[in-house]
Each structure stands twice: as structure tokens, then as C-alpha cells.
Amino acid sequence: MLVSSAATTAELRVRDVWFAYPNRPVLQGAELSVRAGEVTALRGDNGAGKSTLLDIVCGVRRPHRGTVELPGRIAYVPQRTDLDSRLPVTVRDVVMMGAWSDRGLWRPLRRSDRRAVQGAMERVGIDPLASRRLDELSGGQVQRTLMARALTTGAPVIILDEPTTGLDSEVRRVVADLLAELAAEGRVVLHATHDEEALRASDVVLHLAHGTISTPQPTASSVVE
Ligand SMILES: Nc1ncnc2c1ncn2[C@@H]1O[C@H](COP(=O)(O)OP(=O)(O)OP(=O)(O)O)[C@@H](O)[C@H]1O
């Protein structure tokens with residue numbers, strides 16, 4: 001059973017979550033806590049169940065058993081490969097979807113919503129591309145667009161699925177810096193990744209294997225000399 005409710009502290013908690021696709025157990029009692037103010041990475045082999053777990057946290061899938069507690073609304077940044085980039089939408093359209101998530105679909109945006117959209121595009125450096133269509137962008141530009149959409153929601157919880165995969169080192173650094181900034185602002189930041197650089201830049205690394213999550217490993221940024 002999924003109980004999704006506001007937790008009393010700024011922490012995302014997953015407790016004893018079990019999930020299987022037909023004939024394929026994936027999560028078997030997975031547990032994790034993600035504190036606000038820290039960048040938390042979820043690592044694991046291909047097929048370990050990272051995306052499935054993120055789907056459950058975001059409410060896209062229901063676990064067969066277990067609970068998810070959230071300190072507030074979630075902004076989800078999917079894998080770029082999950083997007084149909086042929087959709088005839090511009091960068092600004094995509095970022096505006098973040099404002100609609102709060103305002104309600106198709107309701108007119110307020111001046112403050114438009115300012116949030118513009119501010120988010122400027123923050124990730126895609127404002128010069130606002131009128132460009134998604135299918136005219138590089139992978140890094142699409143990733144920045146998705147991050148701007150998440151920023152526009154103002155959500156206190158940001159979940160990202162492999163945000164740096166396939167990007168060059170400059171954009172990977174931009175993404176890592178932005179995650180650190182979002183955490184420093186007091187948000188809960190959880191990202192699934194295989195990227196060693198992104199793992200090193202994270203404050204906490206959780207390892208998903210055999211359906212469960214092992215104790216956090218210290219990372220370079222959390223080790224005090
Ligand atoms: N819709 C689905 N139906 C059936 N099986 C699925 C489905 N989605 C994923 N799986 C399987 O569930 C397992 C976990 O998949 P998931 O995508 O969650 O892993 P992952 O850790 O995110 O992998 P990757 O690192 O390759 O993205 C895999 O064995 C995958 O083949």
C-alpha cells in the first residue's frame with residue numbers, strides 16, 4: 001500500500017517498498033531517506049530498478065507493498081531518451097509546463113508565472129533558445145530545458161533520472177553545479193546516475209542491488225580530511 005503524505009521533516013522516505021513486473025521481481029524491501037540540503041545519488045547496474053524506484057517515488061507506479069513519504073510537491077526530470085523530441089513544442093512551451101503543474105493545465109499564466117519561466121531559463125542559460133523547437137536542440141540543451149521546467153515548478157523535491165548521461169563534461173558540470181545549488185537552497189535532490197563524476201559530486205551515494213538499497217557510501221565531498 002502506498003501512503004503518500006507530508007512528512008514532518010524535510011526528508012523523502014521510502015520504507016519497505018516491493019515491486020515486480022510480470023515474472024520479474026525488481027524491488028524487494030527497498031528503503032531510503034533523502035535529506036533536504038544534500039545531493040543524493042542512486043547508483044546501480046543497468047536493470048537494477050533505479051528508474052522503477054523513481055517512478056514509485058513520483059507516484060507514476062504503485063508499489064505492491066511499502067510507503068513513500070514526501071515533504072512536498074515533486075518536480076521530476078525524466079531521462080532525455082524518454083522524450084519524443086519530435087513534438088512540435090518550443091523550449092518556452094516545455095518550461096511553461098512547469099508553471100502549469102502548479103497553476104492547473106491550460107489556465108492562463110500570471111505575470112509571476114511568466115517571470116518564473118523566464119528566470120528558470122536564464123538560470124540554466126537557455127533563454128536565448130526560448131523560441132527554438134525541441135527537435136532543434138542538442139542533448140545538453142534539452143537537458144537544460146528539462147531542468148528549467150523543474151525549476152519553474154518551485155517544488156521542494158527534485159527527482160532526476162540520469163541527468164548527465166551522454167552529455168559532454170562542460171554540461172555535466174553545469175548540471176552538477178545546479179544540483180548542488182538546489183540542495184543548498186534546502187531542496188531534496190535525488191538523482192539516478194552511472195556517471196562517476198556526478199557520483200563524486202554528490203553528498204550521499206545509495207546503491208541499489210538485488211532489490212534493496214545498501215548503506216550510504218562516503219563520497220569525496222563528504223569525506224573530511
Ligand atoms: N514496463 C516494464 N515491463 C517489464 N519489465 C520492465 C519494465 N520496465 C523495466 N522493466 C525491467 O525491470 C528491471 C528494472 O528496470 P529499470 O529501468 O527500473 O532499471 P534501471 O536501474 O533504471 O536500469 P538502467 O540503468 O539501465 O536505466 C529491468 O530488468 C527491466 O528490464
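Residues numbered from 1 in each chain as written. Predicted model: local features only at pLDDT ≥ 70, side-chain atom pairs only at ≥ 80, totals over all residues. Heavy atoms only, no water.

## Focus: the environment of Cys58
So, point 1. Mapped onto the fold, Cys58 is located in helix α1 (residues 50-58).
So, point 2. The partly exposed category is assigned to Cys58, whose relative accessible area is 23%.
So, point 3. Beyond its immediate stretch of four places on either side in the chain, Cys58 contacts Ile74, Tyr76 and Ile159. (Helix = DSSP H or I, 4+ residues; strand = E, 2+ residues; numbered from the N terminus. Buried < 20%, exposed > 50% of the residue type's maximum accessible area, 1.4 Å probe, protein only. Contact = heavy atoms within 4.5 Å.)

## What about the site of the ligand?
So, point 1. Close to the ligand lie 15 residues; Gly47, Lys50, Ser51, Thr52 and His194 are nearest.
So, point 2. In this structure, Glu162 approaches the ligand through a side-chain N or O atom, which is 3.4 Å from an oxygen atom.
So, point 3. Expressed as a share of its isolated accessible area of 640 Å², the protein-covered part of the ligand is 64%.
So, point 4. Of the residues in the shell around the ligand, the class split is three nonpolar, seven polar and five charged. (Near = heavy atom within 4 Å. Polar contact = N/O pair within 3.5 Å; in protein donor to acceptor, adjacent residues only side chain to side chain. Areas by Shrake-Rupley, 256 points an atom, 1.4 Å probe, with all protein chains shown as cover. Nonpolar A, V, L, I, M, F, W, Y, C, P; charged D, E, K, R; others polar.)

## Some points on the nonpolar core
One broad rule of soluble globular proteins: the nonpolar side chains tend to lie buried together.
So, point 1. Counting 37 residues, the largest nonpolar core has Val95 and Ile126 as the members making the most contacts within it.
So, point 2. Looking at this core, the elements that each hand over two or more residues are β6 (74-77), α2 (91-103), α3 (111-124), α4 (139-153), β7 (157-161) and α5 (169-184).
So, point 3. Counting the residues that make up this core, at least three belong to each of domain 1 (10-72 + 156-220) and domain 2 (83-154).
So, point 4. Every residue in contact with Val95, bar those within four places of it in the chain, is listed here: Val117, Ala120, Met121, Ile126, Thr145, Ala148, Arg149 and Thr152. (Core = buried A, V, L, I, M, F, W, Y, C linked by side-chain atoms within 4.5 Å. Domains from an automatic or database assignment.)

## Re the domain arrangement of the protein chain
So, point 1. Parsing the protein chain into structural domains produces domain 1 (10-72 + 156-220) and domain 2 (83-154).
So, point 2. Averaged C-alpha coordinates put domain 1 and domain 2 at centres separated by 23 Å.
So, point 3. With 14 residues of domain 1 in contact, the opposing surface of domain 2 contributes ten residues.
So, point 4. Interface area for domain 1 against domain 2, summed over the two sides, is near 940 Å², with a carbon-plus-sulfur share of 65%.
So, point 5. For domain 1, the biggest contributors to the area lost against domain 2 are Leu167, Val171 and Leu178; these three give 37% of the whole.
So, point 6. Put simply, domain 1 and domain 2 have two salt bridges between them.
So, point 7. Among the ionic pairs, Arg123 bridges to Glu181, the shortest N-O distance being 2.9 Å. (Buried area = accessible area lost by both parts, 1.4 Å probe. Salt bridge = Lys/Arg side-chain N within 4 Å of Asp/Glu carboxyl O.)

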